[in-house]
Amino acid sequence: MTAVHSGRAAVAIGLTLLLAGCAPSTVTAERAVTAPAAGLKEALTIERRAAESDAALAQLIAADLPGCSAAVAVRGELVWAEARGLADLASATPLTTGTRFDIASISKQFTATAVLLLQRDGLLSLDDPVSRHLAGLPRWADDVTLGALMHHTARLPDYWIELDREGIGFADAADQGTTLAAIAREPDREPGEGYFYSNSHYVLLAAVVETVSGLPLPEFLQARVFGPLALDMTLAPTLLAPDIATSYEVDLAVQQGAWSAYGHTGIITTPSELALWGDEYRDGEIVADDHATGAVSDGDGSLYGAGIILNGDGTLSHSGRWGGYLSTFRVSSDRETVMALACNGRGADRGGLTEALWSIWAPEPAPAG
């Protein structure tokens, strides 16, 4: 990845080109940040919002600590992207918009999308019991459906509880097979009914995708999602590379996890790529209306759909945390604006930055009458 222009400067370039009546040139390796070609007024609005976003990032995120990278896309065009803080403390390497992160539980919407693609292919149904596709599970697999896994109503204990019983900590190796075996040792579901968020549900969905498609989930997503959309994403939990931010705890200790299970987490990418992906919820063929089918109440006034939360105000969202990685994903109620951010330290003010940026970029309500 090359170093990027600041969000404000990049939008200014797009504005200059718009005023000149010509299209912005393509940037190498990085996603181009451009002003939509809707006209001067919109370009000026984006320039103002970009400047406000730069200021919010500078105010909320320290330059000499683990930080955050954020991006906004409007109607499928990246209009702002910027980063602040350090990707690695030991080398004092700064974060850039090309720095990659594990986006944690935001990965769930991609696993859910894979399941829905297979349902559209006629190869499975959300009404199928888990036992139809996965063998060697307890009796609950005859009663739990794929839809219950997707919407977190299967009420299976989170796998980390069983790993903890075995003395397997976050820094100890535990791959997909080890994690599935831990889930299979859970004899009972949690008591009660309805929504119960558990990473185990999506590890099982990943295994179903692999059984039904005959492909490892990383390959399936590359073939059916990342590749067709030209997204620079990869499913590779625990991946280390020079352009991947180091994960830090609140006390700034490196928190390098060794759990490599996937389905619930593990997608490595940038906020810019994630913001572009979000346009699928507006005008996509890979994400269709079935992402909301069967969504269930999460008990907080929202519905949980296909790895995505359908909020009461019409927006879509999901957040994630994995080790020191923090992430947020939001789509506006009109589906035209997408915001994504990722941080590499538990001490970073993800919440404050999320709300500050959303207040800047969320579409203004249409005037009454």
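The structure this text deals with has already been given above.
Rules used in this analysis
Along each chain, numbering runs from 1 in the same order as the chain's sequence is written. Local features in this predicted model are restricted to residues whose pLDDT is 70 or higher, and side-chain atom pairs enter the listing and the counts only when it is 80 or higher, whereas totals over whole chains, interfaces and linings include all residues. Based on all heavy atoms of the structure, the side-chain values leave hydrogens and waters out of the count. To qualify as a helix, a DSSP run of H or I must reach at least 4 residues; to qualify as a strand, a run of E must reach at least 2; elements of each kind are numbered from the N terminus. For every residue, the accessible area obtained with a 1.4 Å probe (protein chains only) is divided by the maximum for its type, and the residue is called buried under 20%, exposed over 50%, and partly exposed between those limits. Note on contacts: a residue pair qualifies if any of its non-hydrogen atoms lie within 4.5 Å across the two residues. Surface accessibility follows the Shrake-Rupley procedure with a 1.4 Å probe radius. Residue values consider only the protein chains on display as shielding. Note: the arc covers the axis-to-C-beta directions of the helix. Between N or O atoms, a polar contact is any pair within 3.5 Å; within protein, one atom must be a potential hydrogen donor and the other a potential acceptor, and residues adjacent in sequence are included only when both atoms are from side chains. Only Phe, Tyr and Trp rings take part, Trp by its six-membered ring, and two of them pair if their centres are within 6.5 Å. Stacked means planes under 30 degrees apart, edge-to-face means over 60, and tilted covers everything else. Criterion for a charge above a ring: Arg CZ or Lys NZ at most 6 Å from the ring centre, at most 35 degrees from the ring normal. Here the rule is simple: two strands pair whenever DSSP picks up at least two bridges between them. Residues belong to one nonpolar core when they are buried, are Ala, Val, Leu, Ile, Met, Phe, Trp, Tyr or Cys, and are joined through side-chain atoms within 4.5 Å. The rule for a salt bridge is simple: a side-chain nitrogen of Lys or Arg has to be within 4 Å of a carboxyl oxygen of Asp or Glu.

**Section: the overall build of the protein chain**
Looking only at helices and strands, the protein chain features twelve helices and 13 strands. Across the 369 residues of the protein chain, 53% fall into the buried class. Sequence-distant contacts in the protein chain: of pairs separated by 6 or more residues, those separated by 24 or more amount to 68%. Total accessible area on the protein chain is roughly 15,100 Å²; 52% of this is exposed by carbon and sulfur atoms.

**Some points on helix α7 (residues 176-184)**
Listing the buried residues of α7 in full gives Gln176, Thr179, Ala182 and Ile183. Viewed along the axis of α7, the buried residues span an arc of 125°, placing them on a single side of the element. In this fold, the buried residues of α7 make contact with α4 (140-143), α6 (159-165) and α8 (199-213). Its side-chain oxygen placed 3.2 Å from the backbone nitrogen of glycine 177, aspartate 175 serves as the N-cap of α7.

**Looking at the packing of aromatic side chains**
Here the structure, examined in full by the defined rule, presents ten aromatic pairs. Pairwise contacts between aromatic rings join Phe110, Phe226, Trp277, Tyr281 and Phe329 into one cluster. A cation sits over an aromatic face here: lysine 108 above tyrosine 202, 6.0 Å from the ring centre.

**A look at the pairing of strand β2 (residues 77-84)**
Counting buried positions along β2 yields six of eight residues, so the element is predominantly enclosed. If you look at the hairpin formed by strand β1 (residues 68-74) and β2, you'll find two residues sitting between the two strands, and arginine 75 has a positive phi there, around 50°.

**Some words on the nonpolar core**
Ranked by size, the top nonpolar core spans 72 residues in total, and within it Phe110, Leu149, Met150, Leu221, Leu274, Trp277 and Phe329 carry the most contacts. Looking at which element gives the most residues to this core, the answer is α8, with eight residues. Discounting residues that sit within four places of it in the chain, phenylalanine 329 has contacts with Ile106, Gln109, Leu274, Trp277, Gly278, Tyr281, Ile308, Leu316, Ser317, His318, Val338 and Met339.

**Focus on the sheet that holds strand β7 (residues 267-269)**
Strand order in the open sheet formed by three strands is β5-β7-β6, with antiparallel pairing between adjacent strands. The sheet is open, and its two borders are formed by β5 (101-102) and β6 (234-235), each paired with just one other strand. Pairing geometry for β5 and β7, over two bridges, is antiparallel. Paired with phenylalanine 101 across the bridge in β7 is threonine 269.

**With respect to the sheet that holds β2**
Read across the sheet, eight strands follow the order β2-β1-β13-β12-β11-β10-β9-β8 without closing on themselves; strand pairing throughout is antiparallel. Edge strands, defined here as strands with exactly one partner in the open sheet, are β2 and β8 (296-297).

**Some details on the pattern of salt bridges**
Summed over all chains, the structure comprises 14 salt bridges. Of the charged contacts in the structure, one is a salt bridge between arginine 165 and glutamate 186, with a shortest N-O distance of 3.3 Å. With arginine 165 in helix α6 and glutamate 186 in the loop between α7 and α8, this residue pair connects regions lying 21 residues apart in the sequence. Overall, glutamate 186 belongs to the buried group, its relative accessible area being 7%.

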